[in-house]
Amino acid sequence: MNFSFFKKKSVNTLHTVAFYNLENLFDTIDDPDSLDDDFTPNGSRKWTPRRYQKKLGKLAKTIGEIGLEAVGLPPVLVGVAEVENETVVQDLLATEPLNKYNYQYVHYDSPDKRGIDNALLYNKDNFEVISSEAIPLIVYSLAGQRDTTRDILYVHGILNGEEVHIFVNHWPSRRNGEVETDYKRIAAAKTINEYMGHIEEGTENPNYIVMGDFNDGPSSTSIQTLMSRNKLHNPMETLRSPNRGSANYRKSWSLFDQIMVSHNFLNYEKGTHSFCDANIFDETFLREFKGKYKGSPHRTYVGRRYMGGFSDHFPVYVQFKYNS
(Lines give C-alpha, C1' and ligand atoms only; values in the text may rest on other atoms or scores of the structure.)
Protein backbone atom coordinates (compact mmCIF):
# COMPACT_ATOMS: atom_id res chain seq x y z
CA MET A 1 0.00 0.00 0.00
CA ASN A 2 1.39 3.44 -0.95
CA PHE A 3 1.02 5.94 1.89
CA SER A 4 3.11 8.72 0.32
CA PHE A 5 0.21 10.95 -0.73
CA PHE A 6 -0.71 11.44 2.95
CA LYS A 7 2.76 12.80 3.59
CA LYS A 8 2.44 15.27 0.74
CA LYS A 9 -0.92 16.51 1.97
CA SER A 10 0.35 16.93 5.52
CA VAL A 11 1.21 20.64 5.53
CA ASN A 12 1.11 21.07 9.31
CA THR A 13 3.83 19.45 11.36
CA LEU A 14 1.84 19.53 14.63
CA HIS A 15 -1.25 17.36 15.07
CA THR A 16 -3.73 16.99 17.93
CA VAL A 17 -5.32 13.73 19.07
CA ALA A 18 -8.13 14.09 21.61
CA PHE A 19 -10.60 12.13 23.70
CA TYR A 20 -13.94 13.48 24.98
CA ASN A 21 -16.71 11.86 27.02
CA LEU A 22 -19.74 13.70 25.61
CA GLU A 23 -22.06 12.97 28.58
CA ASN A 24 -25.21 11.32 27.28
CA LEU A 25 -25.34 12.48 23.68
CA PHE A 26 -28.77 11.02 22.96
CA ASP A 27 -31.13 11.91 20.16
CA THR A 28 -34.74 12.63 21.14
CA ILE A 29 -36.24 9.43 19.67
CA ASP A 30 -37.19 6.55 21.93
CA ASP A 31 -35.24 3.37 21.16
CA PRO A 32 -37.34 0.41 22.37
CA ASP A 33 -34.21 -1.74 22.73
CA SER A 34 -32.32 0.50 25.18
CA LEU A 35 -32.90 2.42 28.42
CA ASP A 36 -33.08 5.85 26.81
CA ASP A 37 -36.57 6.85 27.96
CA ASP A 38 -35.24 9.67 30.17
CA PHE A 39 -33.74 11.32 27.09
CA THR A 40 -36.96 11.85 25.15
CA PRO A 41 -39.26 14.90 25.11
CA ASN A 42 -41.71 13.23 27.51
CA GLY A 43 -38.99 11.60 29.63
CA SER A 44 -37.75 12.72 33.02
CA ARG A 45 -35.03 14.92 31.46
CA LYS A 46 -37.47 16.64 29.04
CA TRP A 47 -34.92 16.05 26.28
CA THR A 48 -36.30 18.21 23.45
CA PRO A 49 -34.96 18.80 19.92
CA ARG A 50 -33.99 22.33 21.02
CA ARG A 51 -31.90 21.03 23.92
CA TYR A 52 -30.34 18.41 21.67
CA GLN A 53 -29.33 21.01 19.07
CA LYS A 54 -27.93 23.26 21.78
CA LYS A 55 -25.77 20.44 23.11
CA LEU A 56 -24.54 19.54 19.62
CA GLY A 57 -23.48 23.16 19.11
CA LYS A 58 -21.59 23.29 22.38
CA LEU A 59 -19.80 19.98 21.81
CA ALA A 60 -18.86 20.87 18.22
CA LYS A 61 -17.47 24.23 19.37
CA THR A 62 -15.40 22.50 22.04
CA ILE A 63 -13.95 19.84 19.74
CA GLY A 64 -13.21 22.51 17.14
CA GLU A 65 -11.06 24.44 19.63
CA ILE A 66 -8.97 21.60 21.08
CA GLY A 67 -5.39 22.34 20.05
CA LEU A 68 -6.54 25.10 17.72
CA GLU A 69 -4.28 27.76 19.25
CA ALA A 70 -1.10 25.73 18.76
CA VAL A 71 -1.96 23.95 15.50
CA GLY A 72 -4.41 26.23 13.70
CA LEU A 73 -6.71 23.24 13.06
CA PRO A 74 -8.96 21.04 15.21
CA PRO A 75 -7.83 17.51 16.13
CA VAL A 76 -7.01 14.98 13.41
CA LEU A 77 -8.42 12.20 15.66
CA VAL A 78 -11.07 12.42 18.38
CA GLY A 79 -12.22 9.43 20.39
CA VAL A 80 -15.65 10.01 21.92
CA ALA A 81 -17.72 8.17 24.50
CA GLU A 82 -21.42 8.23 25.42
CA VAL A 83 -22.88 8.60 21.93
CA GLU A 84 -26.23 6.86 21.51
CA ASN A 85 -25.93 5.82 17.87
CA GLU A 86 -24.57 6.60 14.43
CA THR A 87 -27.14 9.36 13.91
CA VAL A 88 -25.88 11.52 16.78
CA VAL A 89 -22.31 11.18 15.47
CA GLN A 90 -23.48 12.31 12.02
CA ASP A 91 -25.42 15.21 13.57
CA LEU A 92 -22.35 16.28 15.57
CA LEU A 93 -20.12 16.32 12.48
CA ALA A 94 -22.79 18.29 10.57
CA THR A 95 -22.67 21.05 13.21
CA GLU A 96 -20.50 24.17 12.94
CA PRO A 97 -17.53 24.42 13.02
CA LEU A 98 -16.90 20.69 12.47
CA ASN A 99 -18.85 20.72 9.19
CA LYS A 100 -16.09 22.89 7.69
CA TYR A 101 -13.62 20.04 7.92
CA ASN A 102 -13.30 16.71 6.18
CA TYR A 103 -14.38 14.59 9.15
CA GLN A 104 -15.56 10.99 9.00
CA TYR A 105 -16.17 8.48 11.77
CA VAL A 106 -16.02 4.87 12.89
CA HIS A 107 -18.87 3.66 15.10
CA TYR A 108 -20.41 0.35 16.18
CA ASP A 109 -23.51 -0.23 18.30
CA SER A 110 -22.51 -1.76 21.62
CA PRO A 111 -24.55 -4.00 23.94
CA ASP A 112 -24.62 -1.39 26.73
CA LYS A 113 -28.04 -1.35 28.42
CA ARG A 114 -28.36 2.41 28.08
CA GLY A 115 -27.35 2.20 24.43
CA ILE A 116 -24.23 4.36 24.71
CA ASP A 117 -21.24 3.64 22.49
CA ASN A 118 -17.74 4.78 21.58
CA ALA A 119 -16.74 6.31 18.26
CA LEU A 120 -13.68 7.69 16.52
CA LEU A 121 -13.88 10.94 14.54
CA TYR A 122 -11.08 11.49 12.05
CA ASN A 123 -10.06 14.06 9.48
CA LYS A 124 -9.82 12.29 6.12
CA ASP A 125 -7.11 14.74 5.00
CA ASN A 126 -4.79 13.14 7.57
CA PHE A 127 -6.11 9.70 8.34
CA GLU A 128 -7.22 6.63 6.41
CA VAL A 129 -8.97 3.64 7.99
CA ILE A 130 -7.54 0.24 7.03
CA SER A 131 -9.81 -1.82 9.27
CA SER A 132 -11.88 -1.54 12.43
CA GLU A 133 -13.88 -3.67 14.82
CA ALA A 134 -15.72 -3.61 18.11
CA ILE A 135 -13.87 -5.76 20.65
CA PRO A 136 -16.39 -7.21 23.13
CA LEU A 137 -15.60 -6.73 26.80
CA ILE A 138 -16.80 -9.95 28.43
CA VAL A 139 -17.40 -9.41 32.15
CA TYR A 140 -19.88 -10.96 34.55
CA SER A 141 -21.69 -9.74 37.64
CA LEU A 142 -20.90 -11.39 40.95
CA ALA A 143 -24.14 -13.32 40.46
CA GLY A 144 -22.67 -14.83 37.28
CA GLN A 145 -24.74 -12.88 34.72
CA ARG A 146 -23.14 -11.24 31.67
CA ASP A 147 -22.67 -7.54 32.34
CA THR A 148 -23.40 -5.88 29.02
CA THR A 149 -21.08 -2.90 28.78
CA ARG A 150 -19.39 -0.81 26.10
CA ASP A 151 -17.25 -2.58 23.52
CA ILE A 152 -13.68 -1.40 22.99
CA LEU A 153 -13.43 0.29 19.59
CA TYR A 154 -10.34 -0.71 17.63
CA VAL A 155 -9.25 1.17 14.51
CA HIS A 156 -6.21 0.31 12.40
CA GLY A 157 -5.25 3.15 10.11
CA ILE A 158 -2.70 5.46 8.51
CA LEU A 159 -1.97 8.83 10.13
CA ASN A 160 -0.05 11.09 7.74
CA GLY A 161 1.60 8.06 6.18
CA GLU A 162 2.38 6.27 9.45
CA GLU A 163 0.56 3.10 10.53
CA VAL A 164 -1.26 3.33 13.90
CA HIS A 165 -3.45 1.09 16.06
CA ILE A 166 -6.07 2.98 18.06
CA PHE A 167 -8.21 1.74 20.96
CA VAL A 168 -11.15 3.89 22.15
CA ASN A 169 -12.44 2.92 25.59
CA HIS A 170 -15.21 3.60 28.07
CA TRP A 171 -14.56 1.13 30.85
CA PRO A 172 -17.20 -0.09 33.36
CA SER A 173 -18.19 2.50 35.94
CA ARG A 174 -17.66 2.57 39.68
CA ARG A 175 -21.38 2.92 40.31
CA ASN A 176 -21.53 -0.11 42.63
CA GLY A 177 -18.28 0.80 44.37
CA GLU A 178 -14.66 1.18 43.27
CA VAL A 179 -13.38 -2.02 44.89
CA GLU A 180 -16.48 -4.02 43.97
CA THR A 181 -16.17 -3.17 40.27
CA ASP A 182 -12.37 -3.14 40.02
CA TYR A 183 -12.23 -6.59 38.43
CA LYS A 184 -14.24 -5.39 35.43
CA ARG A 185 -11.75 -2.67 34.54
CA ILE A 186 -8.83 -5.03 35.09
CA ALA A 187 -10.55 -7.40 32.63
CA ALA A 188 -10.75 -4.51 30.12
CA ALA A 189 -7.01 -3.90 30.49
CA LYS A 190 -6.25 -7.58 29.97
CA THR A 191 -8.50 -7.62 26.88
CA ILE A 192 -6.45 -4.85 25.26
CA ASN A 193 -3.16 -6.45 26.26
CA GLU A 194 -4.27 -9.73 24.68
CA TYR A 195 -5.33 -7.94 21.49
CA MET A 196 -1.98 -6.14 21.32
CA GLY A 197 -0.30 -9.52 21.55
CA HIS A 198 -2.16 -10.63 18.42
CA ILE A 199 -1.16 -7.43 16.58
CA GLU A 200 2.49 -7.97 17.48
CA GLU A 201 2.45 -11.46 15.97
CA GLY A 202 2.31 -9.81 12.55
CA THR A 203 3.76 -6.33 13.17
CA GLU A 204 7.09 -5.33 14.64
CA ASN A 205 6.97 -2.39 17.07
CA PRO A 206 3.43 -1.23 16.25
CA ASN A 207 2.32 2.31 17.05
CA TYR A 208 -0.42 2.37 19.67
CA ILE A 209 -2.77 5.13 20.81
CA VAL A 210 -4.99 3.99 23.69
CA MET A 211 -7.56 6.56 24.80
CA GLY A 212 -10.72 6.69 26.82
CA ASP A 213 -12.68 7.26 29.97
CA PHE A 214 -11.19 4.45 32.00
CA ASN A 215 -13.15 5.18 35.20
CA ASP A 216 -9.78 4.74 36.91
CA GLY A 217 -6.81 7.05 37.40
CA PRO A 218 -3.21 6.54 36.24
CA SER A 219 -2.16 4.73 39.45
CA SER A 220 -5.14 2.32 39.55
CA THR A 221 -4.59 -1.43 39.28
CA SER A 222 -6.41 -1.57 35.94
CA ILE A 223 -4.25 1.13 34.32
CA GLN A 224 -1.11 -0.43 35.79
CA THR A 225 -2.24 -3.77 34.30
CA LEU A 226 -2.56 -2.07 30.90
CA MET A 227 0.94 -0.60 31.31
CA SER A 228 2.46 -3.88 32.53
CA ARG A 229 3.44 -5.08 29.03
CA ASN A 230 5.79 -2.07 28.91
CA LYS A 231 4.52 -1.09 25.46
CA LEU A 232 2.86 2.18 26.51
CA HIS A 233 3.80 5.55 27.95
CA ASN A 234 1.16 7.43 29.93
CA PRO A 235 1.83 11.19 29.65
CA MET A 236 -1.28 11.87 31.77
CA GLU A 237 0.58 10.73 34.90
CA THR A 238 2.32 14.10 35.16
CA LEU A 239 -1.05 15.92 35.03
CA ARG A 240 -2.36 14.36 38.25
CA SER A 241 -3.23 17.01 40.82
CA PRO A 242 -5.70 17.49 43.68
CA ASN A 243 -6.64 20.82 42.10
CA ARG A 244 -7.17 19.71 38.51
CA GLY A 245 -8.60 16.81 36.54
CA SER A 246 -10.93 15.78 33.74
CA ALA A 247 -13.99 15.27 35.98
CA ASN A 248 -15.11 16.38 39.42
CA TYR A 249 -17.27 14.31 41.75
CA ARG A 250 -18.26 15.65 45.17
CA LYS A 251 -15.60 18.36 44.95
CA SER A 252 -12.87 15.82 44.25
CA TRP A 253 -10.92 15.83 40.97
CA SER A 254 -10.22 12.65 39.01
CA LEU A 255 -8.21 11.97 35.88
CA PHE A 256 -10.20 9.06 34.45
CA ASP A 257 -9.84 10.42 30.90
CA GLN A 258 -6.41 9.54 29.53
CA ILE A 259 -4.46 8.99 26.32
CA MET A 260 -1.51 6.58 26.31
CA VAL A 261 0.95 6.25 23.45
CA SER A 262 3.51 3.59 22.54
CA HIS A 263 7.17 4.26 23.31
CA ASN A 264 8.08 4.59 19.63
CA PHE A 265 6.25 7.96 19.62
CA LEU A 266 9.02 9.19 21.94
CA ASN A 267 11.65 8.73 19.22
CA TYR A 268 12.57 10.95 16.30
CA GLU A 269 12.65 9.45 12.83
CA LYS A 270 11.81 10.99 9.46
CA GLY A 271 8.30 10.12 8.28
CA THR A 272 7.05 9.41 11.81
CA HIS A 273 5.30 11.28 14.62
CA SER A 274 6.97 12.30 17.88
CA PHE A 275 5.04 12.98 21.07
CA CYS A 276 5.19 16.65 22.10
CA ASP A 277 2.63 17.43 24.77
CA ALA A 278 -0.37 16.21 26.77
CA ASN A 279 -2.98 18.26 28.54
CA ILE A 280 -6.51 18.62 29.83
CA PHE A 281 -8.64 20.98 27.75
CA ASP A 282 -10.24 22.78 30.70
CA GLU A 283 -10.76 26.23 29.24
CA THR A 284 -12.82 28.77 31.21
CA PHE A 285 -15.82 28.52 28.84
CA LEU A 286 -16.21 24.82 29.75
CA ARG A 287 -16.43 25.51 33.49
CA GLU A 288 -19.22 26.37 35.89
CA PHE A 289 -18.64 30.04 36.65
CA LYS A 290 -20.52 30.37 39.97
CA GLY A 291 -22.22 28.47 42.76
CA LYS A 292 -21.15 25.31 44.56
CA TYR A 293 -19.98 23.70 41.29
CA LYS A 294 -17.77 26.67 40.35
CA GLY A 295 -14.71 25.53 38.38
CA SER A 296 -16.14 22.07 37.63
CA PRO A 297 -17.16 21.00 34.12
CA HIS A 298 -20.34 22.81 33.07
CA ARG A 299 -22.53 19.79 32.49
CA THR A 300 -25.84 19.24 30.70
CA TYR A 301 -27.69 17.97 33.77
CA VAL A 302 -27.12 17.73 37.50
CA GLY A 303 -29.45 14.89 38.43
CA ARG A 304 -32.62 15.76 36.55
CA ARG A 305 -32.02 19.51 36.64
CA TYR A 306 -31.13 20.91 33.23
CA MET A 307 -27.97 23.04 33.33
CA GLY A 308 -27.56 23.59 29.58
CA GLY A 309 -23.83 22.93 29.63
CA PHE A 310 -21.36 20.86 27.66
CA SER A 311 -20.36 17.65 29.47
CA ASP A 312 -19.47 16.41 32.93
CA HIS A 313 -15.95 15.71 31.60
CA PHE A 314 -13.27 17.92 30.14
CA PRO A 315 -11.58 16.64 26.95
CA VAL A 316 -7.96 15.49 27.13
CA TYR A 317 -5.47 15.62 24.30
CA VAL A 318 -1.95 14.87 23.11
CA GLN A 319 0.00 16.56 20.36
CA PHE A 320 2.41 14.94 17.91
CA LYS A 321 5.01 16.54 15.68
CA TYR A 322 5.26 15.01 12.22
CA ASN A 323 8.93 14.59 11.32
CA SER A 324 9.16 15.54 7.64
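An unreviewed UniProt entry annotates the protein chain as Endonuclease originating from Arenibacter arenosicollis.

Caption draft 1: Local environment of the sheet that holds strand β12 (residues 257–262). Ordered in space as β5-β6-β7-β8-β12-β9, the six strands form an open sheet in which the pairing is mixed. In this open sheet, the two strands that pair with only one neighbour each are β5 (127–135) and β9 (232–233). Examined bridge by bridge, strand β8 (residues 208–213) and β12 share five bridges and lie antiparallel to one another. Bridged to M211 within β12 is I259. Sitting on the sheet, helix α5 (residues 178–202) is in contact with β5, β6 (152–159), β7 (162–170), β8 and β9, with an inclination near 160° to β7.

Caption draft 2: Examining the pattern of salt bridges more closely. The full count for this structure, using the stated rule, is 14 salt bridges. Notably, a salt bridge pairs R174 with E178, separated by 3.2 Å at the nearest N-O pair. R174 gets classed as partly exposed once you look at its relative accessible area, which sits at 24%. The salt bridge partner of R185 is D182, with a shortest N-O separation of 3.8 Å. Taken as a pair, R185 and D182 lie in helix α5 at a separation of three residues, close to a single helical turn.

Caption draft 3: The UniProt feature "domain: Endonuclease/exonuclease/phosphatase" (unreviewed entry) in the protein chain, seen in detail. The sites that UniProt annotates as "domain: Endonuclease/exonuclease/phosphatase" (unreviewed entry) are residues 16–320. Counting secondary structure, residues 16–320 comes out at 20% helix and 30% strand; the distance between its end C-alpha atoms is 6 Å.

Caption draft 4: Structural detail: the confidence of the model for the protein chain. Of all residues in the protein chain, 97% attain a pLDDT of 70 or more, and the chain-wide mean is 94. The low-confidence segment residues 1–11 (pLDDT under 50) makes 18 contacts with residues lying over four places distant or belonging to another chain.

Caption draft 5: Structural detail: the pairing of strand β16 (residues 316–322). Of all seven residues making up β16, six are buried, and the element is well covered by its neighbours. Where strand β1 (residues 14–25) meets β16, six bridges bridge the pair, whose relative direction is antiparallel. Bridged to H15 within β16 is F320. Sheet analysis places strand β13 (residues 273–280) next to β16, joined by seven bridges and oriented antiparallel. Bridged to N279 within β16 is Y317.

Caption draft 6: Molecular detail of the sheet that holds β13. Here six strands make up an open sheet; going across it, the order is β3-β4-β2-β1-β16-β13 and the pairing mixed. Across the chains shown, the open sheet's two edge strands, defined by having one partner strand only, are β3 (103–107) and β13. Pairwise comparison of adjacent strand axes, ignoring direction, gives a mean angle of 20° for this sheet. Across the sheet, helix α2 (residues 49–65) touches β1, β2 (77–83) and β4 (117–123), and the angle it forms with β1 is around 160°. Along the sheet, helix α4 (residues 86–93) contacts β1, β2, β3 and β4; its crossing angle with β3, the most-contacted strand, is approximately 165°.

Caption draft 7: View of unusual backbone geometry. Residues E96 and P97 are joined by a peptide bond in cis, for which omega reads 0°. For P97, the position within the fold is in the loop between α4 and β3. Of note, E23 is a non-glycine position whose phi angle comes to about 50°, a positive value. Structurally, E23 is set in strand β1. A relative accessible area of 5% means that E23 is categorised as buried. The backbone of N160 sits at a positive phi, close to 50°, despite the residue not being glycine. Along the chain, N160 falls in the loop between β6 and β7.

Caption draft 8: Quick look at empty space enclosed by the protein. One pass over the full model with this rule turns up two cavities of 30 Å³ or more. There is about 60 Å³ of room inside the largest cavity. Y108, D109, S110, D117, N118, A134, R150, D151, I152 and L153 are the residues that line the largest cavity. When contributions to the lining of the largest cavity are tallied by element, the ones reaching two or more residues are β4 and β6. When the residues that make up the lining of the largest cavity are grouped by side-chain class, the tally is four nonpolar, two polar and four charged. Taken as a whole, the second largest cavity spans an internal volume of roughly 50 Å³. Residue lining of the second largest cavity: L14, H15, T16, V71, L73, P74, V76, N123 and N126, and that is the complete set. With three residues, the single largest contributor to the lining of the second largest cavity is β1. When the residues that make up the lining of the second largest cavity are grouped by side-chain class, the tally is five nonpolar, four polar and no charged.

How each quantity is defined
Residues numbered from 1 in each chain as written. Predicted model: local features only at pLDDT ≥ 70, side-chain atom pairs only at ≥ 80, totals over all residues. Heavy atoms only, no water. Pairing = 2+ DSSP bridges. Helix = DSSP H or I, 4+ residues; strand = E, 2+ residues; numbered from the N terminus. Contact = heavy atoms within 4.5 Å. Axes fitted to C-alpha atoms, helices over the stretch in contact; angles between N-to-C directions. Salt bridge = Lys/Arg side-chain N within 4 Å of Asp/Glu carboxyl O. Buried < 20%, exposed > 50% of the residue type's maximum accessible area, 1.4 Å probe, protein only. UniProt positions renumbered as here; feature names shortened; annotations may be inferred. pLDDT = per-residue confidence, 0-100. 1 Å grid on protein atoms, 1.4 Å probe; cavity = no way out; pocket = protein on both sides within 12 Å on 5 of 7 lines; lining within 4 Å. Points joined across faces, edges and corners; volume = space filled by probe spheres on them. Nonpolar A, V, L, I, M, F, W, Y, C, P; charged D, E, K, R; others polar.

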